[in-house]
Structure formats: C-alpha cells, structure tokens
Amino acid sequence: MKGQALFATLILKRAGAGIFTLWFVSILVFAASAILPGDVAEAVLGQSATPETIAALREKLGLTRPLWEQYGDWLFGFVSGDLGQSLASGADVTQLIMDRLSNTLLLGGLTAAIAVPFALLIGLVAATFPGSAGDRAVTIGSLVLVSVPEYLMATILVMIFAIKLGWFPAVSYTTEFTSFGHLFSVMVLPILALSASITAQMARMTRATVLNILGSTFIEMALLKGVSRWRIIFTHALPNAIGPIANVVALNLAYLLSGVVIVETIFAYPGLAKLLVDAVASRDFPVVQSCALIFCASYTVLMLVADVLAILANPRLRRGGH
Amino acid sequence: MQTSISSEPAIVAVPAKAARLGAAGYVGVAILVFWLLIAIAGRLVAPYDPTEFVSDEGFLAPSLQFLLGTDYLGRDLFSRLLVGTQLTLVMALIATMIASSVGTFLGVFAAVAGGWVDMALSRVNDAFLSFPTTILGLVIIAALGSHIPVLVITTGLIYSTSVFRVSRALAMDQAQLDYVVVAKARGEGRWWIIAHEVLPNIFAPLLVDFGMRLTFAILFLSALSFLGLGVQPPLADWGTLVRENMTGLTSGVFTPIFPAMAIASFAIGLNLIVDDLATRSGQHIVGKLI
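A quick note: this is a predicted structure, and the numbers were derived from the prediction, not measured.

A.B. asks: How do you make sense of the overall build of chain B when you look at a structure like this?
C.D. replies: Check the secondary structure of chain B and you find ten helices and zero strands. The burial tally for chain B puts 57% of its 290 residues in the buried class. For chain B, long-range pairs separated by at least 24 residues make up 72% of all intrachain contacts whose partners lie at least 6 apart in sequence. Split by element, the accessible area of chain B, about 12,000 Å² in all, is 68% carbon and sulfur.

A.B. asks: Can you walk me through the interface of chain A and chain B in this structure?
C.D. replies: By a frequent convention, interface size equals the accessible area lost on bringing the separate parts together. Contact residues are listed per partner, giving 55 residues for chain A and 52 residues for chain B. The contact between chain A and chain B buries some 4,800 Å² in all, and 78% of this surface belongs to carbon and sulfur atoms. Per-residue buried area on chain A facing chain B is highest for Ser 147, Tyr 151 and Tyr 299 of chain A; these three make up 13% of the total on that side. Between chain A and chain B we count zero residue pairs in polar contact (both at pLDDT 80 or more) in total. Contributing elements (two or more residues each) for the side of chain A that touches chain B: helix H1 (2-34), helix H6 (133-147), helix H7 (150-164), helix H8 (180-214), helix H10 (229-266), helix H11 (272-281) and helix H12 (285-313) of chain A. For the side of chain A that touches chain B, the residue count by class is 39 nonpolar, twelve polar and four charged.

A.B. asks: For this particular structure, what's the right way to read the UniProt feature "transmembrane region" (unreviewed entry) in chain B?
C.D. replies: All names here are of chain B. Taking the numbering used here, the UniProt-annotated feature "transmembrane region" (unreviewed entry) corresponds to residues 21-46, 87-115, 135-159, 214-233 and 253-274. Structurally, residues 21-46 comprises 88% helix and 0% strand, and the distance from its first C-alpha atom to its last is 33 Å. Helix and strand shares over residues 87-115 are 97% and 0% respectively, and the end C-alpha atoms of the span are 42 Å apart.

A.B. asks: In this structure, what is going on with the packing of helix H5 (residues 93-128) of chain A against H10 of chain A? I would like to understand it.
C.D. replies: Packed helices, taken two at a time, are described by the angle their axes make and the gap between the axes. Residue and element names in this part refer to chain A. Interaxial distance between H5 and H10 falls to 8 Å at its minimum, and their mutual angle equals 145 degrees. Where H5 crosses over H10, the handedness of that crossing is right-handed. Here Thr 104, Leu 107, Gly 108, Thr 111, Ala 112, Val 116, Leu 120, Leu 124 and Thr 128 of H5 come into contact with H10, specifically with Arg 229, Trp 230, Ile 233, Phe 234, Leu 238, Ile 245, Val 249, Leu 253, Leu 256, Val 260 and Glu 264. Its residues placed into classes, the contact of H5 with H10 shows 14 nonpolar, four polar and two charged.

A.B. asks: What is the right way to read helix H4 (residues 67-79) of chain A from this model?
C.D. replies: Residues lying three or four places apart along an α-helix face the same way, a consequence of the helix completing one turn every 3.6 residues. Here H4 of chain A contains 13 residues, and its C-alpha end-to-end distance of 18 Å stays within 8% of the 18 Å for a straight helix at 1.5 Å per residue. Immediately downstream of H4 of chain A, the backbone of Gly 81 of chain A shows phi near 90 degrees, a positive value.

A.B. asks: Looking at this structure, how should I read the side chain of Thr 85 of chain B?
C.D. replies: Along the chain, Thr 85 of chain B falls in helix H2 (residues 77-113). Contact partners of Thr 85 of chain B, with chain neighbours within four places excluded, come to Trp 35, Ile 38, Ala 39 and Trp 238 of chain B.

A.B. asks: What's the story with the pattern of salt bridges in this structure? I'm lost.
C.D. replies: Oppositely charged side chains can form a pair if their charged atoms are brought close together. All names here are of chain B. Scanning all chains against the criterion turns up nine salt bridges over all chains. With a shortest N-O distance of 3.8 Å, Arg 186 and Glu 197 are connected by a salt bridge. Placement of Arg 186 in helix H6 (residues 178-186) and of Glu 197 in helix H7 (residues 190-226) is noted, with a sequence separation of eleven residues between them. Residue classification places Glu 197 among the buried positions, given a relative accessible area of 14%. Arg 213 serves as the salt-bridge partner of Asp 209, at 2.6 Å between the closest nitrogen and oxygen. With Asp 209 and Arg 213 both in helix H7 and four residues apart, the pair spans about one turn of that helix. Assigned by exposure class, Asp 209 and Arg 213 land together as buried. In the salt-bridge network here, residues are joined through shared partners; they are Arg 75, Arg 80 and Glu 244.

A.B. asks: How do you make sense of the environment of Arg 43 of chain B when you look at a structure like this?
C.D. replies: Residue and element names in this part refer to chain B. Mapped onto the elements of the fold, Arg 43 is located in helix H1 (residues 23-45). Separated by 41 residues in sequence, Arg 43 and Gly 84 place their C-alpha atoms 9.1 Å apart. Beyond its immediate chain neighbours, meaning those up to four positions away, Arg 43 contacts Val 83 and Gln 86. One polar contact links Arg 43 to Gln 86, side chain to side chain, over a distance of 3.0 Å.

A.B. asks: Could you clarify how one ought to interpret unusual backbone geometry in this entry?
C.D. replies: Peptide bonds are, in most cases, trans, and in most cases residues other than glycine have a negative phi. The backbone of Ala 268 of chain A sits at a positive phi, close to 50 degrees, despite the residue not being glycine. For Ala 268 of chain A, the location among the structural elements is in the loop between H10 and H11.

A.B. asks: In this structure, what is going on with a nonpolar patch on the surface? I would like to understand it.
C.D. replies: All names here are of chain A. A surface patch of nonpolar side chains, about 470 Å² in accessible area, is lined by Leu 121, Val 125, Phe 129, Trp 230 and Phe 234. Listing elements by their share of the nonpolar patch, those giving two or more residues are H5 and H10. Mapped onto the elements of the fold, Phe 129 is located in the loop between H5 and H6. A relative accessible area of 31% means that Phe 129 is categorised as partly exposed.

A.B. asks: What is the right way to look at the packing of aromatic side chains in this model?
C.D. replies: We describe a pair of aromatic rings using the distance from one ring centre to the other and the angle between the two ring planes. All told, the structure shown has 19 aromatic pairs over all chains when counted by the stated rule. Judged by centre distance (5.9 Å) and plane angle (75 degrees), the rings of Phe 129 of chain A and Trp 230 of chain A are edge-to-face. Taken together, the residues span a long stretch of sequence, with Phe 129 of chain A in the loop between H5 and H6 and Trp 230 of chain A in helix H10 at a distance of 101 residues. Ring plane angle 90 degrees and centroid distance 5.9 Å describe the contact between Tyr 159 of chain B and Phe 220 of chain B, whose orientation is recorded as edge-to-face. Taken together, the residues Tyr 159 of chain B in helix H5 (residues 148-175) and Phe 220 of chain B in helix H7 connect sequence positions 61 residues apart. On the accessibility criterion, Phe 220 of chain B (6% relative accessible area) is buried. The structure contains a cluster of three or more aromatic residues connected by ring pairs, namely Phe 30, Tyr 71, Trp 74 and Phe 78 of chain A.

A.B. asks: Sorry if this is basic, but what is going on with the UniProt feature "transmembrane region" (unreviewed entry) in chain A here?
C.D. replies: UniProt tags residues 15-36, 105-131, 151-171, 183-203, 248-272 and 292-313 of chain A as "transmembrane region" (unreviewed entry). Each end of residues 248-272 of chain A is marked by a C-alpha atom, and these two atoms are 25 Å apart; helix forms 80% of the span and strand 0%.

A.B. asks: What is the right way to read the packing of helix H3 (residues 115-129) of chain B against H5 of chain B from this model?
C.D. replies: Residues and elements named next belong to chain B. H5 packs onto H3 with a crossing angle of 145 degrees between their chain directions and a minimal axis gap of 9 Å. The chirality of how H3 crosses H5 is left-handed. On H5, the residues touching Asp 118, Leu 121, Ser 122, Asn 125, Asp 126, Phe 128 and Leu 129 of H3 are Thr 161, Ser 162, Phe 164, Arg 165, Arg 168 and Met 172.

Reading the values: rules and limits
- Within any chain, residue numbers begin from 1 and follow the written order of that chain's sequence.
- Here every chain gets a letter starting at A, and every ligand a number starting at 1, in the order they are written.
- At least 70 in pLDDT is required for a residue's local features to be given in this predicted model, at least 80 for side-chain atom pairs to be given and counted, and no such filter applies to totals for whole chains, interfaces and linings, which use all residues.
- Computation of side-chain values: all heavy atoms of the structure, hydrogens and water removed.
- The helix and strand labels rest on DSSP assignments: H or I over at least four residues marks a helix, E over at least two residues marks a strand, and numbering proceeds from the N terminus.
- Type-normalised accessible area, obtained with a 1.4 Å probe on protein chains alone, sets the label of each residue: buried when under 20%, exposed when over 50%, and partly exposed for intermediate values.
- The criterion used for residue contact is that any of the two residues' heavy atoms lie within 4.5 Å.
- What sets the accessible areas is the Shrake-Rupley method with a 1.4 Å probe; for residues, cover comes only from the shown protein chains.
- When two components associate, each loses some accessible surface as probed by a 1.4 Å sphere; the sum of these losses over both components is called the buried area.
- Whenever two N or O atoms come within 3.5 Å, that pair is a polar contact, provided that in protein one can donate a hydrogen and the other can accept it, and provided that, for residues adjacent in sequence, both atoms are side-chain atoms.
- The nonpolar class holds Ala, Val, Leu, Ile, Met, Phe, Trp, Tyr, Cys and Pro. Asp, Glu, Lys and Arg form the charged class, and all remaining residues, Gly among them, are polar.
- UniProt positions are given in the numbering used here, feature names are shortened, and annotations may be inferred rather than shown by experiment.
- All axes are obtained by fitting lines to C-alpha atoms, using only the stretch in contact for helices, and the reported angles, taken between N-to-C directions, cover 0 to 180 degrees.
- A crossing counts as left-handed when the near helix is turned anticlockwise from the far one by less than a right angle, and as right-handed when that turn is clockwise.
- Residue count minus one, scaled by 1.5 Å, sets the expected span of a helix.
- Any Lys or Arg side-chain nitrogen found within 4 Å of a carboxyl oxygen on Asp or Glu counts as a salt bridge.
- Residues forming no salt bridge and having over 30% relative accessible area are the ones grouped into patches, like charges within 9 Å of each other and nonpolar side chains (Val, Leu, Ile, Met, Phe, Trp, Tyr) within 5 Å.
- Here is the rule: rings of Phe, Tyr and Trp (six-membered ring for Trp) pair when centre to centre is within 6.5 Å. Planes less than 30 degrees apart are stacked, more than 60 are edge-to-face, and the remainder are tilted.

Set out below in structure tokens:
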C-alpha cells in the first residue's frame, strides 16, 4: 500500500522533528544557566561569598568542567530521573517535582475532562442552530471569555464564590482531600478559572468547523434528500469535523500549560507551575531547568499529537503531498 | 508543510483594503484608542502623584475624592492606573516594534532568499516556536533578572518568531507573483526587490499583525508582572497593580478588579476588531486568539 507507507513516513518525520525539537529545547534551557551573569556558585553563596568558597563550591558542583560535559551529565541525569539538588533548600529535585507533578496533572486532567466535552457540546448546538438566540449567546459569550485573562477570571470567581457567597475557599493550598466534597470545594474555582478561556476557544472552533462543513455540497445534497437536521449533524457533518476539532483540542490543551502557571499562583495551588514560578523568583536553577523541560516536553508532545491528528484528518496530507 | 499552529495565531492575513469595519469593530477601535489616549495623557490628568500616600487607609472604596479608591498602601489607585497604562503600553509598544522589525526582516529575507537560507531560518524559528511562550519567558528572566530592558527585549524576541512565520508566508506569496519574477529577470538585487516590491505589498497585513502582537505583548508582560517576575515596585504596570492589590481580595475588597479589567478590556477590544475583520473577509480565525 503506497499511500499508507507515505502516510507512515509523514508521521514518522513529524515525530523525528518532535524529538529534534526536544533536544534543541534542552540545549536552550541548559544554556540559560550558562548565560547567567556570574554563575550558580556565586548565586548560591550570595553576599557571603569569598573567592575561596566560590572556587570550592564550583569544584563541588562540577562547574569547572567544560560546558558540553556538564550538559551531557545534566541531560543524562534528567533522562534517568536524577535531577540534582535544589539550590534554595538542598532538597532532591526529583522528589520535589514528583509531588508537584501529580497535583498539576490532577488540576489539568480534571479541567480537560470537564472543558472538552462541554465545549464540543455547546459548539455543536450553536452550529446546529446558526443565527438563533442560543448561537448568538455562544458567539458573543465565547468572544468575551476568550479575551479574559486567567487572573481576571480568577479574581471575579473568588469575589463571587469565595468572598460574597463563601461557598468555596479563596486559596487551594491543600491537596490532602478528606472526601469527594472536599476535593470538589478546593478544586472547583481553579478549574473554572483555567477552563473558561479554553472552553470558549474550543466551542468557537467547533462551531466554525461544523458550520464550514455544513456549507459543503454533500450536506446540501443530504438536505435536498430530506435528511433530518440531527441526522445531518451527527452522521454527515460530525465525522468530517472530528479531525480538525481533535487538532484544536490538542492545541488548547497545550495552551493550558501557560494558563496553569497563572492559576496555580493565584490559588497558591501546590503544583509544578507554582514550583517553577517560585524557583524563578529565587533563581533556583536546577528546579527551573527541570520544570521548564517538563513543561516544554508536554507542550511538544501535545503539538505533535495536534499535528498527527491534522495529518490523519486531511486526506490530501495523508497522501503525502499538497 | 505547515500543519503546526502555535498557541498564538499565525494570523490569517486579513486583506486590509477589502476589510470594512462593522459596529463591533468600531467598538473595539474605540476601546483601543481610549487606552492609547490615556497612555499619552494619563500622567497629566492624574489627580495625585502615583507614589504619594494620599490616605492613611489602604483599600478605601471608590469615592469622589479617590475615583477608584486607594491601593494596599493608601495610594490613589486611579492615578496609579493612569500612569501604569503608560508604562504598560510603552513597554509593549517597544517590544512589538522589536518583534515586528526582527521578524519581518528575517521572514522576508528567508522568503526571498529561498533555498538553504530559508530552510535554516525556518527550522530554527520552528524550534523557538515550540516553546510555550510563558515558560520561555520565565527561563530567560530566571537567568537575567526582572529588569525592564530584559523584559522588553525578551518579549520582543519571543514574538518575533510568530512575526517571522507571518511575514515569511506573506512574502512567499508575493515572491511567486509576476512583478517579482519580472524584477528578478530584470536583474534587480535581492535587497532592491525586498524594499521596492515585497515590503510595500505586505505592509497592510503586517500592520494588522502588529496590532495583534501588541495585545499579546501587553498580556504577556502583564502576566509576568502578575507573577511578580515583571515590573518591580515602586513602578507599576497593569499586571503589578493586580498583583500588589490581590491581598485585599481575601478581606473582601475589589481593588484588583480595576487593573484586571483594564487588561481584559484591551484584549476584548482587539478581539472585537479581529473577529469583525475575519467575518467580513469571510475567513475563520484559525488558531488561538489569546
């Protein structure tokens, strides 16, 4: 099957580019510490540094070795799960990150699990009745929501639900959940703040994609044959829309990675992004590097998924040319 | 093959000539013009010195004396917001100018040069685009610190990658058109073609792109400031104003809502314009707007 071979090549090529990207990203993240004025040893010792103590710490941290050697060690350590020690607390970075990563995955996972189906549903309904009051509400509401930065959304939510109504806590610094109700009350505001803009974006794109397909001739044909509205949507339009929509979903989940930085900070949620922001503020480089690399890797993977879905969805790309 | 879409849009070249704004678009323009005017005149209109402690009490509610109330230290929030607007917009404007000039220069050059030059520039650019912008910004700031020039240049360079893509795509279209082919056949130099044939013809869409990039820059810089990693006190841009007053929220005052609304209104204004242009020119906006 020539077509399938080409198709596989295309996806393999894209995956190869993804791995190359990750490698480039790791170099850049590592290089950021190399361009640090002075070096990590000076940063750690701060004001109390004497030339002797700096030299000693440099030796201890292996900073006297050539850069490429340090890079190799660091990358190997990263791949084998040894991320070094935090400069600020001396704690094991791997341990620090493991605790936080699961919290961020919980937040991101719940957000995606709620936002994606909801967005697809309202996008579809809006597209089914274009020009209706519901459609207009979705179009205008989503335009506003897309523009609202996470911190405004979070501020408004806290104002209403935490301060005025007192239903949920304004900060979510615990992840020791005692019951489902407890989990719900702690997570609901961060999830809402995080999902507002991506839900709006995904709903808009779903609507646009489905409407676009509804404008094509095969739909007109089905209409003329007297096929019902719902049947057209679900059996004719939707299968063709799934590819582009899946692409949009993957892109929005990648965007979630930026949103999570803001939301975790606002709600003091003990996730990976909060760890990264705190580490940047204290210039704790081993932690910054590891967190940044994890974020970039997830981003790259999501982009890769988005691209592969786009290839799968587009028969012209599937045949390997355009 | 260009299938990947960054989290920010590789805008959709909106043909500026064909686009006529509708009502929503004009509302958007009005919002942006309003903020631009404040940025220019804000310092003159401000009733108080933005760093002066005008009241012994922090978080006073809005009143006739203090239009938006006082901030957490008892300074006039209205004055701070007016002056902060200037800092926010000037930083974003310079960053966007860096992004546009660097991105356009390299993008058009890559398109006109073609061959391995184009290949190399595009690959490197794709690699930078594969960073989530917030994380890239955080890493650079961790290395170089939160100084205003660092913030502005970092923002400019981050967004120059998106401008590169847009301007390269626009220039590629131009490069295939007859008048460029004719100019090449006439024996005109590469730089002459760029300056006289390509740039004037992609200027309009690039201007639209500039407006979008400006808003991204504002949102990005505000986000950094909000995280405490951008503009440092006593200076304050919109993001810093939200951050420093955030503590009031838990005690039931709504002070941070005002600067947060300023940021949101700017983004909404821009989205209204883009959405209007896109619907009118019959194109769907592909990619994420904010």
